[in-house]
Every structure is written in C-alpha cells, then in structure tokens.
Amino acid sequence: MTGFRRTGGGAAVTSGPTRASWLDAVRLSVLGLLPTLAQGVVIRRPLVVGLAAALDTNAWGCRVLDDLRERRGPGPVLVTFPGRKGLVLLSADDARRVLDETGISFTTANREKTAALSHFEPDGVLITQGAARAERRRFNETVLEHHAAEPWFHEACRAAVREEAGPLTPGHELTWKRFHAAYQRIVRRIVFGDAARDDERLTELRDKLRGDGNWFMLHRKRHRLRAELFARAQRYIDLAEPGGLARAVRATAATADVKPVAQVQHWFFAFDAAPIAAYLTLGLLACHPEQAARARADDAYLRACVLESQRLWPTTVAIVRDTTAETHWPGGWVLPAGTAVIIPCSYFHRDARRLSYADRFEPEVWLDGRAEAEWSIAPFSRGPAGCPGRDIVLLTSATLLAELLDRDWLVTSAHRLGPGRLLPRTADHTSLRLRAVTPPSDGFSERPGFN
Ligand code: HEM
C-alpha cells in the first residue's frame, strides 16, 4: 500500500489516520481476528464455536476495540494485520458512510471475501466489481424482492415450513442437529423447489466447498466439485415446472453476464445463517415468556425477535469492503485505493457505551425505530449492497418459529439466555437443547426456565 497523503493545508490537517500500535495490532489479531477465523467465517466449525462460547471470545474483541476507542477517539484506526493493512471503523457515522458509498468508492468484493466465496460462487454479486455488478444486483432484487413478494411464493414457503416443522414435535428433545436438518430441507425447497427436498448431495457439495472457503486463498479450488454443484442446481432451474426461487429465476430476464446459477449459489449459501439465528431466537423466547406470548400473537413482533437474535449474535461478524479509489477522511488524510475497511458488527451491535439495550434481549428496538436509527446495527447490512434476501429470511424463520411456538419450550442445556444477567457475546447454537412443554390437562404447565 502506498503512503497517506495530506489534503488541504493548515494545522488541523494530520498526516494520516490513527495507527494502531504494534501491541494493539497484536491484541486485535489474537483476541479479535483469530477466534473469528478459527470458528470459520464461511461455515462454522462446531467444536471451535463451542470453545469460543465457553470463553466468550467475542467479548475479548469488544474489549480491545472499546479500549482503543477510549484511548484514541472514535475515528477509524489503521491496523497492520499479518499480511494486510485494514482500516477498522469505530463510529456509527463512519459505518454509515462506508455502507452508503458502497459501489462508489468502496467495493463489496474485498480481496479476502472474494478468495473465500469464489470456491463456490464465483460470479456471485457480492464479489462482483465493474459493470456486471449493477446487472447482477438488479437480477437479485427482481427475484428476491419482487417475485418473492408474490402470494405464490409465500404460499410455497409456508407449505414447506409447515411440513418440515411437523417432525420437530413435542416429546422429543430439540437439538441443533434436528433443527438444522429440518431447516436444510426447507431451504432446498425454497431455493430450488420441492423436487430438491431430499437432495442432500446438493447441501453436501455446498458445504464441502464452504469448508475450503474457510481457508481463503490457502485452499486449492476443487473445480470438479463446483461443476457438480452448479450442474445439480441448474437441473432444478431447467425443470419443466420449477418451484421456489428457481421458478422466479426462470421468469426473470437475464443477460449473459448475470449468470443466474451463480447468484442462486449465493442464496443457497447465505440461507445457512438463518437457522442459526432462528434457533437462538427459540432459545431466547424459551427464557423470556412475556416476549414469547407477544411473539405468538404478533408476526411483526416475532420478526423483530429474529432480528434481535441477529443483533445479539450477528452471523456476519464483520462487514468488509475494499476501497476502489482514494477516499478522504475527517482530519484531511486520504486513504489509498485497495485498502480493506472493516465494520466490526459484533462490536457495534453490543456497544454498551452507546446502546442501553446492548446485552439484553429487547425486540422492541426493531419496532420503535431505535435499531433503524443506528447504522452501525446492520445484521443484514444496509445501503446499496444491503441484503436483498432479508424479507425471505424473516418470512421463513418467523413462519417456522410460529409453528414451534404453539407450545412452551424449556432450555435444557447450560445456555444462559434469560433476563437475569447480561447475555454472553458469543453463543454456541450447536449445543443448545430445548424441550417442548406440553400443557397438562389440569391447565397447569411447567413454565419455561429463566436460564
Ligand atoms: C440470516 C440470513 C442472512 C443474513 C444474516 C444475511 C446478511 C447479509 C449481509 C450482512 C450482506 C452483506 C455482506 C457484505 O457486504 O459483505 C448480505 C448480502 C447479500 N445477501 Fe444476505 N443474508 C442472509 C440470507 C440471505 C438469503 C437467504 C439470500 C437470498 C435468498 C441473501 C441474499 C444476499 C445477496 C444477493 C447479497 C449480496 C448483495 C450485494 O452484494 O449487493 N441473503 N446478506
């Protein structure tokens, strides 16, 4: 990277951004970056997730960033990570600016993200730059926001969810394995249509390649697996009567540059974050009976609960951009093109110095405008590259949770998700266990626990 330039003149102009000392860089790398990478940024590694939750490693990263902001102020900090420099944002205003200016001087196609995702979705809009990006974005919006808003899609989605929720019946302990398997069937039906319900090979291929993606450019590309994944996906789009989003893909005009099947791969991959948030939402509601009662009665509130789970434990722990041009920053310094810019979501979402509700389950913030007003709260990102799949995720997860909430639930694992104490900043969804509580005939039911 080239050096930093001054702009303008006068005493107020500094020669560059605040730079993290080598000690701060080590602390950020070891306490923030390393635990995140070890858990897997593209597909989670359950054993490491368990260990990270036991140690609450996200709290370590938050403490380092809090300390940095306390000492150096709210401006962005340039950090030298092993092999790369990155500008870490510490203020909501800077986060807003970067999200808003995505596509102008910041690209979503950051170098590391591209290395990770290109294992299974080269040509996905998220890692596309240049003219093709606008066309691909338009295609994504047409399918995911316009077609998916139509009644036929909602009906197909609800039918898939209801049928797959059935086996998650009371009397059994609900584990992540069972919940995830059911959600996987739902995802295959929603993305590729009912014909793909039992196509576990499709999910297996995706997840193998995601495992490679966890290693970024360090893992070789497995072209044969990727070709098999793409061919399998294309078959569902080419069916005489495709279902789910595949039907909308067929109905949407696309130029050669769009590469619809590559866009579909992103949807299939991104959907895998939804069960994590939905399962943790169920755990939270099991421990918050008042909120559970309201969620049963009000779909908008239930969706707010899902969003709140995403705020508390964002599945995209950091939103990353690369600068595509020189960018000017307060203080008069200029950041060169090609620098990574990091929006640390799991820090911003739990910013206890700004947010009174930082470490509590408070779905109301999604209904009264408080979360909306904070640009640093962005579980689905924001701005021109905001997630166009958000409504589909909320529809799917809220429909599934509404099915499950026809009974009370008890958390039977050691997770502490109740209102009695601040919520941990790292959660292990894979070891969360719940038991359905069937109301006995005398009307007295075992109440959900306050873990
Ligand atoms: C809980 C589930 C999901 C979460 C938390 C989520 C979150 C996000 C976030 C944070 C981004 C921005 C990423 C970045 O800038 O690096 C994003 C982008 C995107 N998401 Fe999602 N997403 C989810 C599910 C989905 C689903 C199911 C779909 C499609 C059906 C989808 C479609 C997309 C697309 C196409 C983009 C790229 C937008 C662009 O580059 O213009 N997402 N999502």
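As a starting point, this report considers the structure included with it. Remember, it's a predicted structure, so these values are computed and weren't measured experimentally.

A short note on the pattern of salt bridges
Here comes step 1: In this structure the tally under the stated criterion is 43 salt bridges.
Here comes step 2: For Arg232, the salt bridge goes to Asp199, with nearest N and O atoms at 3.1 Å. Separated by 33 residues along the polypeptide, Arg232 in helix 10 (residues 223–237) and Asp199 in the loop between helix 8 (176–192) and helix 9 (200–213) bring together distant segments of the chain.
Here comes step 3: The class for Asp199 is buried, based on a relative accessible area of 7%.
Here comes step 4: For the salt bridge of Asp299 with Arg303, the shortest nitrogen-to-oxygen distance reads 3.0 Å. Here the residue Asp299 and the residue Arg303 both occupy positions in helix 15 (residues 299–312), the gap between them amounting to 4 residues, near one helical turn.
Here comes step 5: Here Asp299 falls in the partly exposed class, since its relative accessible area comes to 41%.
Here comes step 6: Residue Arg303 is classed as partly exposed on the basis of its relative accessible area of 22%.

Observations regarding the site of the ligand
Here comes step 1: Close to the ligand lie 26 residues; Lys113, Arg133, Arg137, Arg321 and Cys387 are nearest.
Here comes step 2: The separation between an oxygen atom of the ligand and a polar side-chain atom of Lys113 is 2.6 Å.
Here comes step 3: In the model, an oxygen atom of the ligand is placed 2.7 Å from a nitrogen or oxygen of the Arg137 side chain.
Here comes step 4: Of all the secondary-structure elements, those providing two or more residues to the shell around the ligand are helix 6 (131–146), helix 12 (260–270), helix 13 (273–287) and strand 7 (319–323).
Here comes step 5: Top contributing element to the shell around the ligand by residue count: helix 6, with 4 residues.

Cut-off values and rules
- Residues numbered from 1 in each chain as written.
- Predicted model: local features only at pLDDT ≥ 70, side-chain atom pairs only at ≥ 80, totals over all residues.
- Heavy atoms only, no water.
- Salt bridge = Lys/Arg side-chain N within 4 Å of Asp/Glu carboxyl O.
- Helix = DSSP H or I, 4+ residues; strand = E, 2+ residues; numbered from the N terminus.
- Buried < 20%, exposed > 50% of the residue type's maximum accessible area, 1.4 Å probe, protein only.
- Near = heavy atom within 4 Å.
- Polar contact = N/O pair within 3.5 Å; in protein donor to acceptor, adjacent residues only side chain to side chain.

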